[in-house]
Amino acid sequence: MERTTIRVYNTMTRQKEEFVPRNDNRVGIYVCGVTPYSHTHLGHARPNVIWDVIKKFLRSQGYETFHVQNFTDVDDKIIARANEEGIPALELSRRFIQEYLDSMDALGVERADLYPKVSEHISDIIAMVEQLIANGHAYEVDGNVFFSVSSFPEYGKLSNQKRDELLEGTRFEVDPSKRDAADFALWKKAKPGEPAWDSPWGPGRPGWHIECSAMSHKYLGCEFDFHGGGSDLVFPHHENEIAQSEAATGETSARYWVHNGMLNLQDTKMSKSLGNFVTVQDLTKRYPKELIRFYLLSTHYRSELEYYEGKLDEMARGWNRLNEAVVNLQSLIGAPSVTCEVSAEDEKVLGRINEIEESIVEALADDFNTAQAIGHLFDLTREINSYSSGSEKISRPVLERAMTVFQEYGINVLGIVREREVQGESLVEPLLDLILEVRQELRMKKEFSLADKLRDRLGELGIVVEDTPHGARWKLEGVNRDAHI
RNA sequence: GGCGGCAUAGCCAAGUGGUAAGGCAGAGCUCUGCAAAAGCUCCAUUCCCCAGUUCGAAUCUGGGUGCCGCCUCCA
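Residues numbered from 1 in each chain as written. Chains lettered and ligands numbered in written order. Predicted model: local features only at pLDDT ≥ 70, side-chain atom pairs only at ≥ 80, totals over all residues. Heavy atoms only, no water.

Trainee: Honestly, the domain arrangement of chain A in this entry has me stumped. Any pointers?
Mentor: One frequently used descriptor of interface size is the decrease in accessible area upon assembly of the parts. Split into domains, chain A comes out as domain 1 (7-307), domain 2 (318-413) and domain 3 (428-476). Put simply, the middle of domain 1 and the middle of domain 3, counted by C-alpha atoms, are 54 Å apart. (Domains from an automatic or database assignment.)

Trainee: What's the story with the nonpolar core in this structure? I'm lost.
Mentor: Burial of nonpolar side chains together is a common tendency in soluble globular proteins. Counting residues in hydrophobic clusters, the biggest one holds 85 residues, and the most contacted among them are L42 and F226. The biggest single contributor to this core is helix α9 (residues 311-333), with 10 residues. A domain split of this core shows at least three residues from each of domain 1 (7-307) and domain 2 (318-413). Counting 38 residues, the second-largest nonpolar core is a separate cluster that includes C32, V68, M128 and L233. (Core = buried A, V, L, I, M, F, W, Y, C linked by side-chain atoms within 4.5 Å. Buried < 20%, exposed > 50% of the residue type's maximum accessible area, 1.4 Å probe, protein only. Helix = DSSP H or I, 4+ residues; strand = E, 2+ residues; numbered from the N terminus.)

Trainee: Just to check I follow, could you spell out the pattern of salt bridges for this structure?
Mentor: If charged atoms from side chains of opposite charge come close, those side chains can pair. Scanning all chains against the criterion turns up 38 salt bridges. Its salt-bridge partner being E290, residue K289 comes within 3.8 Å of it at the nearest N-O pair. Judged by its relative accessible area of 34%, K289 falls in the partly exposed class. On the accessibility criterion, E290 (9% relative accessible area) is buried. A salt bridge links R455 to D467; the nearest nitrogen and oxygen atoms lie 3.5 Å apart. With R455 in helix α14 (residues 448-460) and D467 in strand β14 (residues 463-468), this pair connects stretches of sequence that are 12 residues apart. Linked through salt bridges whose partners overlap, the residues forming this network are R439, R443, D452, R455 and D467. (Salt bridge = Lys/Arg side-chain N within 4 Å of Asp/Glu carboxyl O.)

Trainee: How do you make sense of the pairing of strand β10 (residues 254-260) when you look at a structure like this?
Mentor: Along a regular strand, successive side chains alternate from one face of the sheet to the other. Judged by how many residues are buried, β10 sits mostly within the fold: 6 of 7 residues are covered. As judged from the 6 bridges shared by strand β9 (residues 224-230) and β10, these two strands associate in the parallel manner. Looking at the pairing, G228 lines up with V258 of β10. The parallel pair β9 and β10, bridged by helix α6 (residues 234-249), forms a crossover whose chirality is right-handed. (Pairing = 2+ DSSP bridges. Right-handed = clockwise from strand over helix to strand, strands pointing away.)

Trainee: Explanation requested: the side chain of E211 in the structure shown.
Mentor: Counting through the fold element by element, E211 comes out in helix α5 (residues 210-220). Here E211 is buried and forms no salt bridge, its nearest opposite-charge partner R205 lying at an N-O distance of 10 Å. Engagement of the side chain of E211 in a polar contact is seen with the backbone nitrogen of H209, the distance being 2.9 Å. Discounting chain neighbours no more than four positions away, the residues touching E211 are Y30, N70, T72, V118, I125 and H237. (Lys, Arg positive; Asp, Glu negative; His and termini not counted. Polar contact = N/O pair within 3.5 Å; in protein donor to acceptor, adjacent residues only side chain to side chain. Contact = heavy atoms within 4.5 Å.)

Trainee: What am I meant to see in a nonpolar patch on the surface here?
Mentor: A surface patch of nonpolar side chains, about 390 Å² in accessible area, is lined by L427, L431, L434 and V438. Judged by its relative accessible area of 64%, L427 falls in the exposed class. (Patch = residues over 30% accessible without salt bridge, like charges linked within 9 Å, V, L, I, M, F, W, Y side chains within 5 Å. Areas by Shrake-Rupley, 256 points an atom, 1.4 Å probe, with all protein chains shown as cover.)

Trainee: Please explain the sheet that holds strand β3 (residues 26-31) as it appears in this structure.
Mentor: Strands sit in the order β4-β3-β9-β10 across an open sheet of 4 strands; the sheet is parallel. Both outer strands of the open sheet, β4 (64-69) and β10, are each paired with one neighbouring strand and no more. Adjacent strand axes in the sheet meet at a mean angle of 20 degrees when their direction is disregarded. Of the strands in this sheet, β3, β4 and β9 are in contact with α5, which crosses β3 at around 160 degrees. (Axes fitted to C-alpha atoms, helices over the stretch in contact; angles between N-to-C directions.)

Trainee: Whenever I open this one, the packing of α5 against α6 confuses me. Can you help?
Mentor: Axis angle and axis distance: for two packed helices, these are the angle between their axes and the distance between the axes, and together they describe the pair. Running from N to C, α5 and α6 point in directions that differ by 50 degrees, and their axes come no closer than 8 Å. Between α5 and α6, the angle is such that the two are oblique. The hand of the α5/α6 crossing is right-handed. Counted together, I210, E211, C212, S213 and H217 of α5 and H237, E241, Q244, S245 and T249 of α6 form the full contact between these two elements. Class assignment of the residues belonging to the contact of α5 with α6 gives a composition of 2 nonpolar, 6 polar and 2 charged. (Parallel < 35°, antiparallel > 145°, perpendicular 65-115°, else oblique. Left-handed = near helix turned anticlockwise from the far one by under 90°. Nonpolar A, V, L, I, M, F, W, Y, C, P; charged D, E, K, R; others polar.)

Rendered as structure tokens:
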């Protein structure tokens, strides 16, 4: 198939670059996951939803994707928290990993192909540390192993830091056993009461950073296409990862470094350590997943995004129009008054729909500009609403073309439009159709007070009845309406 | 102290050299038995401030001001 040229902003070069996959068709993606010691919050949802869209867009462009996302399930905070609760560290992390996966499922995020865990890759990590020692990039001191920053001249190339300026103004105490203050731990000697694994340097556990180098290398190879994560990971995490990976293998690691902006609550970054977060579980109980995605994707992924109570309710008004347009389209496609003929006027509308679709693809291909793509979806909404409320004959091929675009981008790629609710074996749908049919007969007989009573009483039950030129239709009221009553 | 980013209408927000997308809110109108939905029209001579480059700048350069992130665990 013909592909649109995709341009990606690369943190490494600080500019947009044309995306050229390493292998012809298969795109390797590594996105930093979480340290599962606490609840999954909206800030975690952002990169997940963004990468969900990127993957789906790449696939709609004919690529295959292979997506790896790690869990750093061996970590100081996990150990500390598990000790507080008096349970094993891995049990605590297992609980939060499950919450994380459940949360992402609830947001309609497609799962990664692989979720490697540190605890299951100790031997891979040890092997890489040994490799680094053998290459002269790391050294052992009393059971600890450190990466020697001075052995890697390119250190700082991602975050644009200069080695000699790194420690100025720093707020932590430097471990005196390190040769250089900027050196960082690859392997930490076990302290009493901590989970530990045997290694050539004695019992201990991996430092933060090395797991991503080891696991990305194992599953994606030395060089792969995308490496993603929050902008707060640029330094030191990704900087150190690059140093480890490239020093160990002698090859470049990721081709494109993609970082998303932070999600703020009251002008401050939402984070577990600050305690200012909104959990995904809470939010998905209160709002439809498509609305949450609409909110997350309404701003470009590299910008900061503000959250506050009530924001989603504000966004729901515009979001609703998108959904209404689709519901309207679907009912019109099945309406008997619609023709299969395509007039010259219809051809023009078809032409405009094609233009809008191209604009959507261009927007997504331009550094995954979902905000712009959503704008074009609103253009399509106006186009098709205007068309279907016109007095001329309505053509089914036009409706179907518009529906295809909504389906592909609104539903499949962006996931911001609700899919038509299948009522299944519910009695609700035929029952309501019957009521509306009777009401229509009353209206024909100009028994308006009875017809209005039906509408009012249904309204009290949360069922909104609307009369349109193509017959009456009903829907459930409010943002939280369920698929089934 | 170092590094990076951002500043566009009442609010949200796209736009990185060619004369300000889109959404919400607001005003008017059309359609409708009524209601709802929808549509149409209007709503930034202007993009934080100052200087410069250019035929042309929201977009590039320099200098301010303000805010945010990272340098400590972080998506």
